[in-house]
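Remarks on the overall topology
Chain by chain, the residues:
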Amino acid sequence: MATTLMRNTAPREHPGRYYAFMALVAVCAIGGAVAVTAYGGAPDGGWFSVPFAFWFTAGLALVAELRPTRWGGLWMSPIASIYFVYVLATLVTWGFLPALIVQSGAIFLLSAQIKSAAWRTVFNISQQGVALCVGWLVWHALTQGSAWTGSLTQLLAVLAAGTVWTLTSWSLVATRQGLRTDTPWSDLFAQWGRSEWALRVTQIAIAPILATAAMSSWWLVAASAIPIFSVYRILQAAADREQEANHDPLTGLLNRKGFQQVVDGKITDAGETGTAVAVLILDLDRFADVNSALGHEIGDKLLVELSQRFLADKPPGKAIARLGGDEFAFVWSELDGMTDPLECAREIRARLDAPIVLGDASVEIDGSVGIAVFPDDGSDFQTLFRHADIAMYESKQRTSSFARYAPEFDHHSPERLLLLGDVRRALDHPDAPGVNLYYQPQVRLVDGEVIGAEALLRYNHPERGMVNPAEIIETAEHSSVMRMLTERVVDIALRQLRAWNDSGYDLRMAVNVSVRDLQSLEFTDFLTERIEAYGVNASKLQLEITESALMADPRRVVVNVQRLSDLGVGISLDDFGTGFSSMQHLRRLPVTEIKIDKSFVTNLVDDPDNAAIVSTTIDLGRALDVEVVAEGVEDENTCKQLEGWGCHAGQGWLFAKPMASDAFERWMADRRGPR
Ligand code: C2E
Ligand code: MG
Ligand code: MG
């Protein structure tokens, strides 16, 4: 399917009704034209008596349509054409048939210019033919067909005929459009009326002046053409300005506003034909670095160069926009020839493969693409755009080239927003019971000594009950609630640590921190202040960082982690082995401990691959002089195996599940008792 002009296609539903209406209009036009011609006759004195002024007028009407004006975003909306002034003047001076010929000729030319389908051209000639018949009837009824003298009665009659012509034409077009898009007829009519009445009134008011000129001499027609064409030049300038308002001045691509208009159009078309539209957003990586290292001028050149690459071999119908900064957007539909949205993303990415050469500098570029597809991922522009953006961020997080939207990426679904609101309310109250910590012991494997505990978030929702902590973290991580949550967790954990120290337990406390915490410097200040306030030894605090947290913005995070380490706090690499660049993090960060992810530990006895991974990780820890903790230790055999390999500590259901502080204390007391 390579149709690019949707207005040339028929609706999917009820095409019969649609075509029947158009056939009816054509029959009315032919019938009306024959009847009016028979009644009104040829021009007075026959065709050969028509003065040169007529041919000149007709010629001007046709010339005007060689460069049609785009008005209100539409080509040849029902009225925005110069020829109408000439047709109306011709109707009142030389009669119906000459006017019909001029009108039909102009529409034919205009349709060819804007590549209308044949049936559409026929419809436009027909509907305006019907409008002209009705206009002639009004003119004739009010003047009895008298020759043009410019009397007041005739003036009023032209205005009435022009108005009726307009209303008839709009009604017919609105009906056809309504049948195609299932929009109420009256809505379309009102919409055009609002945007175009002023232009139409001007056209109708000029017609009698032109008629008077035409009756005098052809050179008066020529003189009056100047103001008429000036009006249209002004119109064209306004249309051009509208065009500029839709484009990015740097690259000449569409801007966000223009992009939205294009996407809206494609969505309407796809909705009618049951086809798909893909919206893709590309965000360049490290573009800020290019700007700061090489200067904004080079940055701009890079963007222009990149736009040229995107535009090269662009298939017709595919639209490209720059949304500002280093973000680009693309839209392509099945109607335009798109077959696979993922293939589109691959193609966009392929354009980034070669470095961009700017003078002496050669710049490597990279970026992530997010995809959202109509109708599956959203039914309107706003939703598709938001979802493509979410998918783009997801793809950045995963450091993959592209990602198609999936609901689980969306941290702002209505349910999650509600949950976020509830967590925030719970945190607003200092001692609200909803937010709490459970503690899971960490046990030294050689002697079974409890060395500490990991603090794990528990949230008891008033209606939902216990909510999975991973769900809360994922939801909160994208909002300011995460800071509040971490501060609460740190506060409770440090208070608990202090209480245990006071009761004679020499334990350490492991606390999980999120991506968001590690991106701000304030977290370090907060932690320093709390450690002092509770009077605990900083080395008794262990911060667990997951690898995905490190992926988000490695450099900033590395700086902050270093500051935390300088405080004397231990840094533990959580879920080790599940990320992408574990080794790199080990090298760059002041890590004091590795926590092997439970997915490798739990079934280690039966799975030789996992066994190999775990034993190698333990060796690695020894070589780097960092402690190794295995999480997810569920049975005795695993525990023995780990101990044999020299793993320092274990955490898991074999020892205890996470539990509330009082249960933890009882568990400790029981454990101490028999030993
Ligand atoms: P994590 O830090 O890797 O925590 C270990 C998870 O493993 C905990 O799940 C724990 O209950 C579970 N676990 C412990 N032993 C075993 C075992 O033997 N077998 C199995 N199958 N599972 C075991 P939980 O409590 O559901 O926490 C899930 C994740 O949520 C945590 O993973 C951590 O990433 C995050 N999280 C929990 N509390 C916090 C918090 O206060 N702040 C932040 N930022 N993240 C937290
Ligand atoms: Mg953890
Ligand atoms: Mg873990």
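Model, not experiment: these values are computed from the prediction.

A short note on empty space enclosed by the protein
Applying the stated criterion across every chain yields a total of 1 cavity of 30 Å³ or more. Within this model, the largest cavity holds a volume of roughly 80 Å³. Along the walls of the largest cavity sit Phe310, Ala312, Asp313, Lys314, Pro315, Lys318, Ile320, Phe330, Glu347, Ile348 and Arg351, which together make up its complete lining. The class makeup of the residues in the lining of the largest cavity is 6 nonpolar, no polar and 5 charged.

A look at helix H10 (residues 287-294)
All of the buried residues along H10 are Phe287, Val290 and Asn291. All buried residues of H10 fall inside an arc of 95° around its axis, so they share one side. Among the exposed residues of H10, those oriented more than 90 degrees off its buried face are Ala288, Ser292 and Ala293. Just past H10, the residue Gly295 takes up positive phi, approximately 100°.

Observations concerning the coordination of the magnesium ion (ligand 3)
Donor atoms from the polypeptide that coordinate the magnesium ion (ligand 3) comprise Asp574 (OD), Asp575 (OD), Glu631 (OE) and Glu631 (OE), at 2.0 to 2.5 Å from the metal. Mapped onto the polypeptide sequence, the residues donating to the magnesium ion (ligand 3) form the spacing pattern D-D-x55-E. A gap of 4.1 Å separates the magnesium ion (ligand 3) and the magnesium ion (ligand 2), which Asp574 links by coordinating each metal. Taking relative accessible area as the criterion, Asp574 reaches 4% and is therefore assigned buried.

Here's the deal with the pattern of salt bridges
This structure, assessed with the given rule, holds 25 salt bridges. With a closest N to O distance of 3.2 Å, Arg464 and Glu471 form a salt bridge. Among the salt bridges present, the one from Lys595 reaches Glu544, with a minimum N-O distance of 2.7 Å. Pair noted here: Lys595 is in strand S16 (residues 593-596) and Glu544 is in strand S14 (residues 541-546), with a separation of 51 residues, a long-range link. We note that Lys595, like Glu544, is buried.

Observations concerning the domain arrangement of the protein
Entries for the protein in the domain assignment read domain 1 (6-245), domain 2 (256-409) and domain 3 (434-669). In this structure, domain 1 and domain 2 have C-alpha centres spaced 42 Å apart.

A closer look at the sheet that holds strand S9 (residues 402-404)
Two modes of strand pairing occur in sheets, parallel and antiparallel, and in both the strands are linked by backbone hydrogen bonds. Taken together, the 5 strands give an open sheet; going across it, the order is S4-S5-S3-S8-S9, and neighbouring strands pair in mixed fashion. Whereas interior strands pair on both sides, the edge strands pair on one side only; in this sheet they are strand S4 (319-324) and S9. Pairs of neighbouring strands in the sheet enclose a mean axial angle of 20°, with direction left out of account. For S4 and strand S5 (residues 327-333), the ladder comprises 5 bridges, and the chain directions are antiparallel.

Remarks on helix H5 (residues 118-143)
For H5, spanning 26 residues, the distance from its first C-alpha to its last is 37 Å, which sits close to the expected 38 Å at 1.5 Å a residue. Immediately beyond the C-terminal end of H5, within one or two residues, lies Gln144, with a positive phi of roughly 55°.

Comments concerning the packing of aromatic side chains
With the rule as written, the count across this model stands at 16 aromatic pairs. Residues Phe310 and Phe330 carry aromatic rings whose centres are separated by 5.0 Å and whose planes lie at 85° to one another, so their mutual orientation is edge-to-face. On the criterion of sequence distance, the pair formed by Phe310 in helix H11 (residues 296-311) and Phe330 in strand S5 is long-range, its members being 20 residues apart. Residues Phe310 and Phe330 agree in their burial class; the two are buried. Pairwise contacts between aromatic rings join Tyr439, Trp500, Phe664 and Trp667 into one cluster. Residue placement shows Arg200 over the ring face of Phe84; its charged tip is 3.7 Å from the ring centre.

Some points on the site of ligand 1
Not every one of the 23 residues close to ligand 1 is listed here, only the nearest: Arg458, Asn512, Asp574, Glu634 and Trp653. The side chain of Asp575 places a nitrogen or oxygen atom 3.0 Å from an oxygen atom of ligand 1. In the model, an oxygen atom of ligand 1 is placed 3.1 Å from a nitrogen or oxygen of the Lys598 side chain. Taken together, the elements giving at least two residues each to the shell around ligand 1 come down to strand S11 (450-461), helix H15 (469-476), helix H16 (481-502), strand S13 (508-513) and strand S15 (570-576). Per element, the largest residue contribution to the shell around ligand 1 is 4 residues, and it comes from S11. Of the residues in the shell around ligand 1, the class split is 10 nonpolar, 5 polar and 8 charged.

Rules used in this analysis
- Residues numbered from 1 in each chain as written.
- Chains lettered and ligands numbered in written order.
- Predicted model: local features only at pLDDT ≥ 70, side-chain atom pairs only at ≥ 80, totals over all residues.
- Heavy atoms only, no water.
- 1 Å grid on protein atoms, 1.4 Å probe; cavity = no way out; pocket = protein on both sides within 12 Å on 5 of 7 lines; lining within 4 Å.
- Points joined across faces, edges and corners; volume = space filled by probe spheres on them.
- Nonpolar A, V, L, I, M, F, W, Y, C, P; charged D, E, K, R; others polar.
- Buried < 20%, exposed > 50% of the residue type's maximum accessible area, 1.4 Å probe, protein only.
- Helix = DSSP H or I, 4+ residues; strand = E, 2+ residues; numbered from the N terminus.
- Arc of directions from axis to C-beta.
- Donors = N, O, S within 2.8 Å, 3.2 Å for Na, K, Ca; no water.
- Salt bridge = Lys/Arg side-chain N within 4 Å of Asp/Glu carboxyl O.
- Domains from an automatic or database assignment.
- Pairing = 2+ DSSP bridges.
- Axes fitted to C-alpha atoms, helices over the stretch in contact; angles between N-to-C directions.
- Expected span 1.5 Å × (residues − 1).
- Phe/Tyr/Trp six-rings, centres within 6.5 Å; stacked < 30°, edge-to-face > 60°.
- Lys NZ or Arg CZ within 6 Å of the ring centre and 35° of its normal.
- Near = heavy atom within 4 Å.
- Polar contact = N/O pair within 3.5 Å; in protein donor to acceptor, adjacent residues only side chain to side chain.

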